[in-house]
Amino acid sequence: MKAMLIKDVNLLKGQKQFFGMLFLMIIMFTVIQSDPTFSICYVTLMFAILTLTTMSYDDYENGMCYLLTLPVSRREYVTEKYLFGMLASLSGLVGSSLVTVAAAYIKRIVYPWEEWTATAISCIILLSLALAVTTPIQLKFGSEKSRMAVFGVFALGSVAVFIIAKLCQAAGIDINAVLESAFVENLTTTVWGICVMAAAVLAVSWWISVRVLEKREF
Amino acid sequence: MLRLENVKKQYKGFCLDCSLEVKEGFVTGLVGKNGAGKSTAFKTALGLVYADSGHIRIFGKEPKELSSGDKEKIGVVLADSGFSGYLTVKNLIPMLDRLYGGFKKEEFIQKCGEFELPLDKKIKEFSTGMKRKLQVLAAISHEAELLILDEPTAGLDVVARDELLGLLREYMETEGRAILISSHISGDLEGFCDDIYMIDGGRIILHEETDVLLSNYGLLKMTPEQYSVLDKSYILRHKKEEFGYSCLTDQKQFYQENYPELVIERGSIDELIMMMIRGEK
């Protein structure tokens, strides 16, 4: 698995322009927009998406086929992608936090520790969901078709949220009251609950990805 | 080392139905025209394509049972796939070093230099021939016991081809090794393989030791009159030609002795393939 991590890190080394652009965007969002939260979330999610980029690079000119003749099992390949996704995203989170906090300090923007913590937890949950949704789709459909598939999944997700909101409204459930109860009165429990759910979703996604790749023929 | 027994794989419009064996100490060739099933056979053997039926054994195990340790003993070149084009050779070195316990780093770098493979250039900028050279060098860099090489000489000029085959000959000097190789340049295989399988339409239509193929097989050329009185007991295929008939035999000597008036050619592997595929039984 370490060999695959080395490969992916080397693949990312070729993305210097992308990282330079991200760095500029952090500065821009923090200094001009005075919005450190957005900078951190944006960069962290961008780093999560890099995992997809490495899969596209692996698949370039049918390269995945050759990759699987090396001493790497399909299960190891999938596990490494999730691990790499988490490591890359956390690196993005740490890096963007450092740059953002520094920029906020220079611009004299107040950025409390509690707000950073909330941002970091939200980012980790979001990137876990992004990885969980996009990885099996990318493995199943390849880099070209997966874009449409990912779009479809997020569209379906939005429709599902809309329908749930409408059903709650019809049933006389006050969603705002529920959210307030969850995030104000029971914040710790809610955060832990969401973290456990995100971990569960990641575990299910990993299992699906392994099945997808084990069934795939080249 | 590798055995495929009645391995079948059905696609729309194509069916692989293949049995072959690669023995220790042997270089086994697989020849056939484009689309004959060579790559499918290779991929099935490597577990990249799943057989519908039949048995595949590499080192006595099914492909899906192969551990990382077993896979370290296999070196592969694929006709339609390779290392990611976004990596450089320099990027590959730590990866191969981590993957293979027996990776000979210094030798690999030295061979890359000899074969004029730049270490810092992205692989996607390599020519087809350079990509092949890189794959072959990677395949032989880690003390593999079995090489599975699908078209390793594709895109190479004569000199590079000769150098690469030289490397493979050198590789075979160590005991306990074997190679399964395919090439559309049959000349490569004639002088290199111990035995040759011929595949057409997904089926193995001929298997013979190369020495036998070159010494016993021959092409007989004759007029229609000569053909009409010919003993056809040892004729494998015949084909109508402008001058009369061409016939393929695996008993060249019989016809040399009994029909001295016939033109009998040694027949290259290309000609044998043509007769086996295009000729009638």
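No experiment lies behind these values; they were computed from the predicted model shown.

Reading the values: the criteria
Residues numbered from 1 in each chain as written. Chains lettered and ligands numbered in written order. Predicted model: local features only at pLDDT ≥ 70, side-chain atom pairs only at ≥ 80, totals over all residues. Heavy atoms only, no water. Helix = DSSP H or I, 4+ residues; strand = E, 2+ residues; numbered from the N terminus. Contact = heavy atoms within 4.5 Å. Areas by Shrake-Rupley, 256 points an atom, 1.4 Å probe, with all protein chains shown as cover. Phe/Tyr/Trp six-rings, centres within 6.5 Å; stacked < 30°, edge-to-face > 60°. Buried < 20%, exposed > 50% of the residue type's maximum accessible area, 1.4 Å probe, protein only. Lys NZ or Arg CZ within 6 Å of the ring centre and 35° of its normal. Expected span 1.5 Å × (residues − 1). Arc of directions from axis to C-beta. Buried area = accessible area lost by both parts, 1.4 Å probe. Salt bridge = Lys/Arg side-chain N within 4 Å of Asp/Glu carboxyl O. Polar contact = N/O pair within 3.5 Å; in protein donor to acceptor, adjacent residues only side chain to side chain. Domains from an automatic or database assignment. Core = buried A, V, L, I, M, F, W, Y, C linked by side-chain atoms within 4.5 Å. Pairing = 2+ DSSP bridges.

## Topic: the overall build of chain B
Phase 1 of the analysis: On a plain count of helices and strands, chain B comes out with 11 helices and 13 strands.
Phase 2 of the analysis: Seen through its principal axes, chain B has C-alpha atoms that stretch 70 × 40 × 35 Å.
Phase 3 of the analysis: Looking at chain B alone, contacts between residues at least 24 apart form 66% of all its contacts between residues at least 6 apart.
Phase 4 of the analysis: About 12500 Å² of surface is accessible on chain B, with carbon and sulfur atoms providing 44% of the total.

## Considerations on the packing of aromatic side chains
Phase 1 of the analysis: Scanning all chains against the criterion turns up 13 aromatic pairs over all chains.
Phase 2 of the analysis: Where Tyr57(A) meets Tyr86(B), the ring centres are 3.9 Å apart and the plane angle is 25°; that geometry is what we call stacked. Within this pair, whereas Tyr57(A) is found in helix α3 (residues 36–59), its partner Tyr86(B) is found in the loop between β5 (74–77) and α3 (89–99), the two belonging to separate chains.
Phase 3 of the analysis: For Tyr57(A), a relative accessible area of 11% corresponds to the buried category.
Phase 4 of the analysis: Summarising the aromatic geometry, the rings of Phe254(B) and Tyr255(B) are spaced 4.9 Å apart at their centres and angled 90° between planes, so their arrangement reads as edge-to-face.
Phase 5 of the analysis: Chaining the aromatic ring pairs together yields one cluster made of Tyr234(B), Phe254(B), Tyr255(B) and Tyr259(B).
Phase 6 of the analysis: We note Lys23(B) situated over the ring of Phe26(B); from NZ or CZ to the ring centre the distance is 5.6 Å.
Phase 7 of the analysis: For the cation-ring pair, Lys240(B) lies above Tyr245(B), with the distance from its terminal atom to the ring centre recorded as 5.1 Å.

## So, helix α2 (residues 16–31) of chain A
Residue and element names in this part refer to chain A.
Phase 1 of the analysis: Look at α2: 23 Å from first C-alpha to last across 16 residues, which is about the 22 Å you get at 1.5 Å a residue.
Phase 2 of the analysis: Every buried residue belonging to α2 is among Leu22, Met25, Ile26, Phe29 and Thr30, and all of these are buried. Buried residues of α2 fall within an arc of 115° about the axis and therefore sit on the same side. α2 presents Lys16, Gln17 and Leu24 as exposed residues on the side facing more than 90 degrees away from its buried surface.
Phase 3 of the analysis: On its buried face, α2 sits against α3 and α5 (74–106).

## What to know about the interface of chain A and chain B
Phase 1 of the analysis: Between chain A and chain B, the residue contacts involve 28 residues of the former and 31 residues of the latter.
Phase 2 of the analysis: With both sides pooled, the region where chain A packs onto chain B buries about 2700 Å², and carbon together with sulfur makes up 60% of that total.
Phase 3 of the analysis: Among the residues chain A hides against chain B, the three largest losses belong to Tyr66(A), Pro71(A) and Glu217(A). Together they make up 27% of the total.
Phase 4 of the analysis: The interface formed by chain A and chain B holds 2 salt bridges in total.
Phase 5 of the analysis: A salt bridge links Glu217(A) to Lys9(B); the nearest nitrogen and oxygen atoms lie 2.9 Å apart.
Phase 6 of the analysis: Run the count over chain A and chain B and you get 15 residue pairs in polar contact (both at pLDDT 80 or more).
Phase 7 of the analysis: The set of elements that each furnish at least two residues to the side of chain A that touches chain B consists of α1 (2–13), α3, α4 (63–67), α5 and α8 (187–215) of chain A.

## Notes on helix α4 (residues 105–114) of chain B
Residue and element names in this part refer to chain B.
Phase 1 of the analysis: Three or more residues of α4 are buried, namely Phe108, Lys111 and Cys112. Taken around the axis of α4, the buried residues stretch over an arc of 105°, which confines them to a single face.
Phase 2 of the analysis: Buried positions along α4 lie against α3, α5 (128–139) and α6 (158–172).

## Looking at the domain arrangement of chain B
All names here are of chain B.
Phase 1 of the analysis: On domain assignment, one finds that chain B holds domain 1 (2–209) and domain 2 (217–278).
Phase 2 of the analysis: For domain 1 and domain 2, the distance between their C-alpha centroids amounts to 34 Å.
Phase 3 of the analysis: Between domain 1 and domain 2, the residue contacts involve 10 residues of the former and 9 residues of the latter.
Phase 4 of the analysis: Both sides together, the interface formed by domain 1 and domain 2 hides about 940 Å², and carbon and sulfur atoms give 70% of it.
Phase 5 of the analysis: Broken down residue by residue, the surface that domain 1 buries against domain 2 is led by Ser186, Glu190 and Met198, which jointly contribute 43%.
Phase 6 of the analysis: Here Arg266 and Glu190 are joined by a salt bridge, their closest N and O atoms 3.8 Å apart.
Phase 7 of the analysis: Taken together, domain 1 and domain 2 are joined by 2 residue pairs in polar contact (both at pLDDT 80 or more).

## Things to note about the nonpolar core
Phase 1 of the analysis: Counting residues in hydrophobic clusters, the biggest one holds 108 residues, and the most contacted among them are Tyr77(A), Phe108(B), Leu168(B) and Ile179(B).
Phase 2 of the analysis: Top element by residues in this core is α6(B). It accounts for 7 residues.
Phase 3 of the analysis: Two domains each donate at least three residues to this core, and these are domain 1 (2–209) and domain 2 (217–278) of chain B.
Phase 4 of the analysis: Once residues lying within four places of it in the same chain are set aside, the contact partners of Ile179(B) are Val22(B), Phe26(B), Val27(B), Thr28(B), Leu147(B), Leu149(B), Leu168(B), Tyr171(B), Met172(B) and Phe192(B).

## Details of the pairing of strand β9 (residues 203–209) of chain B
Residue and element names in this part refer to chain B.
Phase 1 of the analysis: As paired strands, strand β8 (residues 195–200) and β9 are joined by 6 bridges and run antiparallel to one another. Bridge pairing in β9 links Ile196 to Glu208.
Phase 2 of the analysis: Connecting β8 to the next strand, β9, in antiparallel fashion are 2 residues, including Gly201 with a positive phi near 55°.

## Focus on the pattern of salt bridges
Phase 1 of the analysis: Applying the stated criterion across every chain, the model contains 25 salt bridges over all chains.
Phase 2 of the analysis: The partner of Arg216(A) in a salt bridge is Asp59(A), with the nearest N and O atoms 3.3 Å apart. With Arg216(A) in the segment after α8 and Asp59(A) in helix α3, this pair connects stretches of sequence that are 157 residues apart. For the pair Arg216(A) and Asp59(A), one class covers both residues: buried.
Phase 3 of the analysis: One salt bridge in this structure joins Lys33(B) and Asp200(B), with 3.9 Å as the shortest N-O distance.

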